[in-house]
Amino acid sequence: MRYTISTTKVFPSTIMNPFRNYFSLSKKSAKAFIVFTILACGPGLADYDEFVSYFMPESTNASLHDQKYHFTSQQFYNENEGESSSDTSDIVHATNVKSWSDYCNARLSDNDIAASVYGNSEKLITFLRNNGKQQAADYLLMAKKADMAYQVGDYFEESKKDSVILKKIFEEIRNISPGLQDDFLKERYAFQCVKLAKMLNLNRETISLYEKQIAPLKKKSFISDWAQARKAGAELALGDTAKAYYDFAMVFDKCPTRRNEAELSVRIHNIGFQESAVNLCKDNHEKAALYAFAAIRNGQDGLDLLKKMVELDPGNPLIELVMAREINKNEFYFFPQSYYEGEITDTVNIPKKIKDPNSYFSKLRDYALECAENKSLPNTGFWFTAASYMEMVARDFDKSSEYLSKAKQIPTQNKSLKTQIDLQELLLAVYSGKEISAETEQRIIPYLEKFLKTDNFRISNTLVEACKVLSSEYRNHTVGSSKGGWLSSCTKTTSVSAGAIAEYKANHTSC
């Protein structure tokens, strides 16, 4: 949702009339009055998932696809729970079509391949037959027949399964894969065996087929990851939660086309972090992937998991995202959330663990500073920005400014990180000044103008907070001499009471 704060009919008459007989505004002061008036009440709550937060999780180095794992006050990235069309399926289709295109040496268009694999076209089957790949054509016909026999339902309709047809296909193909010389088909037939066994609820055989036909493959693609997801489902059905958790975590780590399903499978069954699954990991990367899988899920205190991720695999792409999640999560407890009712479902157990949000912010800040100096982590500027934010929350504005200055010295192409730095500079400008000088006003105004229109509720939060602070400072200010100071930019003459101007500004920077 986009916030648009209207400027219609705000200036000049409404603003100028109260002081028309006393002074003429300079151009800079006129701009200040306009901006302050426009932001008087700011945009209100417009999205059910909004909460009081000033730290943008987009400022991390996480990929756009991973940003679905940002913290939310509602059910964990709720809109993706039933994901089956626009997001995941597009990736699945594109990845699978490319694999068939490579197999055909790009001699058939992607559209023709997609229409054959996911539609009723026979162009791919004809191409395979005409180019000496009859086994591949037979495989494609078999796979489509199996899919027809198992129609996955949705929220409104149950799945439909023809067990007789599925069992017949399973018996026909279960021993084909081991004898194949074609690596592409060998992996795909093995996957179909695992898939059909799971569809028929043959859970032990699902696991056995994976170990016999998928695990030994020297060349593995995303198809093997799909098979591992089926194996994990079988382990879950048999009650082996540690192995299931491990396999789902590995699928989540390495397979974008099954990432959402892997996380959703564990979340639906409310399975918490399985410590014993660490013993199943083959190396430090897998261990870090296991901790990352836990850290982005509900009911977990992420800081300890984050520390293990950094120690084991500093190249893990979710490290900064996990820190941002912890900051946003703690903001929910630190700042008053007067309009939110009920329990936040993403962090069921966190209220018991974070009894003192201020103390937890201190722990997060200390670790952010440690990461900022860690040469094995990407030098993105994120860590100093995060540390600066938490120092600002603790009201240590000097330290906050120091860390923000360090963040600004680190080059970045991340526009959201630059925005976060700007937002913190705005808040520091209004928080840390002993008095608002003309120079301070001119320092603040460009930031207010820059963010007049935004589709990010955290930017909106920041603007409203800044204007509240400004209003309070205007109201509480003791008028100084007429020779200069924080009100000197408001008039060209000294015929008007500076206190009256301060009162006017206060009224037009708050609701």
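Residue numbers here run from 1 along each chain, matching the order of that chain's written sequence. Restriction of local features to residues with pLDDT of at least 70 applies here, the model being predicted, together with a cutoff of 80 or more for giving and counting side-chain atom pairs; totals for whole chains, interfaces and linings are based on all residues. Only hydrogens and water are set aside; all other atoms, that is, all heavy atoms of the structure, feed into the side-chain values.

**Quick notes on the overall build of the chain**
Okay, so step 1: Broken down by element type, the chain carries 23 helices and four strands.
Okay, so step 2: Throughout, exposure labels follow a simple rule: accessible area from a 1.4 Å probe, protein chains only, divided by the maximum for the residue type, with under 20% read as buried, over 50% as exposed, and the rest as partly exposed. When the 511 residues of the chain are sorted by exposure, 54% land in the buried category. Under the DSSP-based scheme used, a helix requires at least four consecutive residues in state H or I and a strand at least two consecutive residues in state E, with every element numbered from the N terminus.

**Details of helix H8 (residues 183-199)**
Okay, so step 1: End to end, H8 covers 24 Å across 17 residues, agreeing with the expected 24 Å (1.5 Å per residue, within 8%).
Okay, so step 2: Counting buried residues in H8 gives 15 out of 17 residues, a clear majority hidden from the surface.
Okay, so step 3: Here a polar contact is recorded for every N or O atom pair within 3.5 Å, except that within protein the pair must consist of a potential hydrogen donor and a potential acceptor, and residues adjacent in sequence are included only if both atoms are side-chain atoms. With a side-chain oxygen positioned 3.0 Å from the backbone nitrogen of Phe184, the residue opening H8 is Asp182.
Okay, so step 4: Residue Asn201 follows H8 closely and has a positive phi angle near 60 degrees. Each helix should span, by expectation, one fewer than its residue count multiplied by 1.5 Å.

**Brief notes about the packing of aromatic side chains**
Here the distance between the centres and the angle between the planes together describe a pair of aromatic rings.
Okay, so step 1: Note on ring pairs: Phe, Tyr and Trp rings are taken, using the six-membered ring of Trp, and paired if centres are within 6.5 Å. Classes follow the plane angle, with under 30 degrees stacked, over 60 edge-to-face and the rest tilted. Overall, the coordinates contain 23 aromatic pairs when judged by the stated rule.
Okay, so step 2: On the numbers, 5.2 Å between centres and 90 degrees between planes, the contact of Tyr54 with Phe335 is edge-to-face. One end of the pair, Tyr54, is in the loop between helix H2 (27-38) and helix H3 (88-103); the other, Phe335, is in the loop between helix H15 (319-334) and helix H16 (350-353), with 281 residues separating them in the sequence.
Okay, so step 3: Note on Tyr139 and Tyr189: the rings are 5.1 Å apart at their centroids and 70 degrees apart in plane angle, and the pair reads as edge-to-face. With Tyr139 in helix H6 (residues 134-149) and Tyr189 in helix H8, the pair connects residues that are 50 residues apart, well separated along the chain. Grouping residues by exposure puts Tyr139 and Tyr189 together as buried.
Okay, so step 4: Aromatic rings pair up to connect Tyr69, Tyr245, Phe252, Phe273, Tyr291 and Phe293 into one cluster.
Okay, so step 5: Of note, Lys133 hangs over the ring of Tyr103, and the distance from its end group to the ring centre comes to 4.4 Å.
Okay, so step 6: Over a ring means this: the NZ of a Lys or the CZ of an Arg is within 6 Å of the ring centre and within 35 degrees of the ring normal. Just above the ring of Phe252 sits the side chain of Arg259; from NZ or CZ to the centre is 4.2 Å.

**So, the packing of H8 against helix H9 (residues 203-214)**
When two helices pack together, their arrangement is given by the angle between the helix axes and the distance between those axes.
Okay, so step 1: Here H8 crosses H9 at 170 degrees, and the two axes come no closer than 8 Å. With respect to H9, the axis of H8 lies roughly antiparallel. Between H8, through Glu187, Ala190, Phe191, Cys193, Val194, Ala197 and Lys198, and H9, the contact on the second element is made entirely by Asn203, Glu205, Thr206, Leu209, Tyr210, Gln213 and Ile214.
Okay, so step 2: Per-class residue counts for the contact of H8 with H9 are eight nonpolar, three polar and three charged. Here an angle of 0 to 180 degrees is reported between the N-to-C directions of two axes, which are lines fitted to C-alpha atoms, with helices fitted over the stretch in contact. By the definition adopted for this analysis, an angle is roughly parallel if under 35 degrees, roughly antiparallel if over 145, roughly perpendicular if from 65 to 115, and oblique otherwise. Note on definitions: a residue-residue contact is assigned when non-hydrogen atoms from the two residues lie within 4.5 Å. Side-chain classes are defined by residue name, with Ala, Val, Leu, Ile, Met, Phe, Trp, Tyr, Cys and Pro counting as nonpolar, Asp, Glu, Lys and Arg as charged, and the others, Gly among them, as polar.

**Details of the packing of helix H14 (residues 302-312) against H15**
Okay, so step 1: Contact pair H14 / H15: the axes reach a minimum separation of 10 Å and the direction vectors enclose 165 degrees. With respect to H15, the axis of H14 lies roughly antiparallel. Between H14 and H15 the crossing geometry is left-handed. Residues Gly302, Leu303, Leu306, Met309 and Val310 of H14 form the contact with H15, whose own contacting residues are Ile319, Val322, Met323, Glu326 and Lys329.
Okay, so step 2: Of the residues belonging to the contact of H14 with H15, the class tally is seven nonpolar, one polar and two charged. Crossing handedness: left-handed means the near helix sits turned counterclockwise from the far one by under a right angle, and right-handed means the same turn made clockwise.

**Some points on the side chain of Ser177**
Okay, so step 1: With respect to the helices and strands, Ser177 occurs in the loop between helix H7 (163-173) and H8.
Okay, so step 2: Sequence-distant contacts of Ser177, that is, excluding residues within four places in its chain, are made with Lys186, Tyr189, Ala190 and Gln213.

**Points about the pattern of salt bridges**
Note on pairing: side chains with opposite charge can pair once their charged atoms come close.
Okay, so step 1: Take a side-chain nitrogen of Lys or Arg and a carboxyl oxygen of Asp or Glu: if they are within 4 Å of each other, that pair is a salt bridge. Inspection of the entire model under this criterion finds 20 salt bridges.
Okay, so step 2: Residue Glu211 pairs with Lys231 through a salt bridge whose shortest N-O separation is 3.8 Å. Here Glu211, found in helix H9, pairs with Lys231, found in helix H10 (residues 222-237); they are 20 residues apart in sequence, far enough to count as distant.
Okay, so step 3: With a relative accessible area of 41%, Glu211 lands in the partly exposed category.
Okay, so step 4: Given the relative accessible area of 7%, Lys231 is considered buried.
Okay, so step 5: Measuring nitrogen to oxygen at the nearest pair gives 2.7 Å for the salt bridge that ties Glu326 to Lys329. With Glu326 and Lys329 both in helix H15 and three residues apart, the pair spans about one turn of that helix. One exposure class covers both Glu326 and Lys329, and it is buried.
Okay, so step 6: Salt bridges linked by common partners bring Glu211, Lys231, Glu235 and Asp247 together as one network.

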